[in-house]
Amino acid sequence: QVQLVESGGGLVQAGGSLRLSCAASGLTLFRAGWFRQAPGKEREFVAAINWNGGITKYRDSVKGRFTISRDNAKNTVYLQMNSLNAEDTAVYYCALKGGISWYDQDDYNYWGQGTQVTVSS
């Protein structure tokens, strides 16, 4: 059984940075992804990384600002978020495994409980 626990969310001013962490237990050498859900909106893909960190994917609006990485020795996936703006405000979820699609949340099998990120303008 895989369990995921996110941390690192909080309140930050526009232009600031946060680093989210996702600690995993159980079988973890799978593709990992970060998704987010803003109030009143559907959950959307943010970034993903393959099992060894060699391949990464990002949604266009975060390219150049966010960096996904992983440390398999620590069973942890990270999301470094820089130059945050109000549109990044959301609950951020870590997900694991993934099917054919990198971007489709339905293709991920395991999910964390989410961590709130609030960017004040």
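Residues numbered from 1 in each chain as written. Predicted model: local features only at pLDDT ≥ 70, side-chain atom pairs only at ≥ 80, totals over all residues. Heavy atoms only, no water.

## A look at the environment of Tyr92
Link 1 in the chain: Along the chain, Tyr92 turns up in strand S9 (residues 90–97).
Link 2 in the chain: Through-space distance from the C-alpha of Tyr92 to that of Gln3 is 16 Å; in sequence the pair is 89 residues apart.
Link 3 in the chain: Apart from residues lying up to four places away in sequence, Tyr92 is in contact with Glu6, Leu20, Trp34, Phe35, Arg36, Val46, Phe66, Leu79, Met81, Gly114, Thr115 and Val117.
Link 4 in the chain: Only 2.6 Å separates the side chain of Tyr92 from the backbone oxygen of Asp88, close enough to count as a polar contact. (Helix = DSSP H or I, 4+ residues; strand = E, 2+ residues; numbered from the N terminus. Contact = heavy atoms within 4.5 Å. Polar contact = N/O pair within 3.5 Å; in protein donor to acceptor, adjacent residues only side chain to side chain.)

## Examining the sheet that holds strand S3 (residues 18–25)
Link 1 in the chain: An order of S1-S3-S8-S7 is seen for the four strands of this open sheet, with the pairing classed as antiparallel. Taken across any chain shown, the strands that pair with only one partner, and hence form the sheet edges, are strand S1 (3–7) and strand S7 (66–71). Ignoring strand direction, the axes of neighbouring strands in this sheet form an average angle of 15°.
Link 2 in the chain: Relative to strand S8 (residues 76–81), S3 is paired through six bridges, and the arrangement is antiparallel. Note that in S8 the partner of Ala23 across the bridge is Thr76. (Pairing = 2+ DSSP bridges. Axes fitted to C-alpha atoms, helices over the stretch in contact; angles between N-to-C directions.)

## Thoughts on the environment of Ile49
Link 1 in the chain: Note on placement: Ile49 falls in strand S5 (residues 44–49).
Link 2 in the chain: Classification of Ile49 by relative accessible area gives buried; the value is 2%.
Link 3 in the chain: For the pair Ile49 and Arg31, spaced 18 residues apart in sequence, the C-alpha to C-alpha distance is 5.7 Å.
Link 4 in the chain: The residues touching Ile49, leaving out its near neighbours within four places in the chain, are Arg31, Ala32, Ile55, Thr56, Ile68, Ser69, Arg70, Val77 and Trp102. (Buried < 20%, exposed > 50% of the residue type's maximum accessible area, 1.4 Å probe, protein only.)

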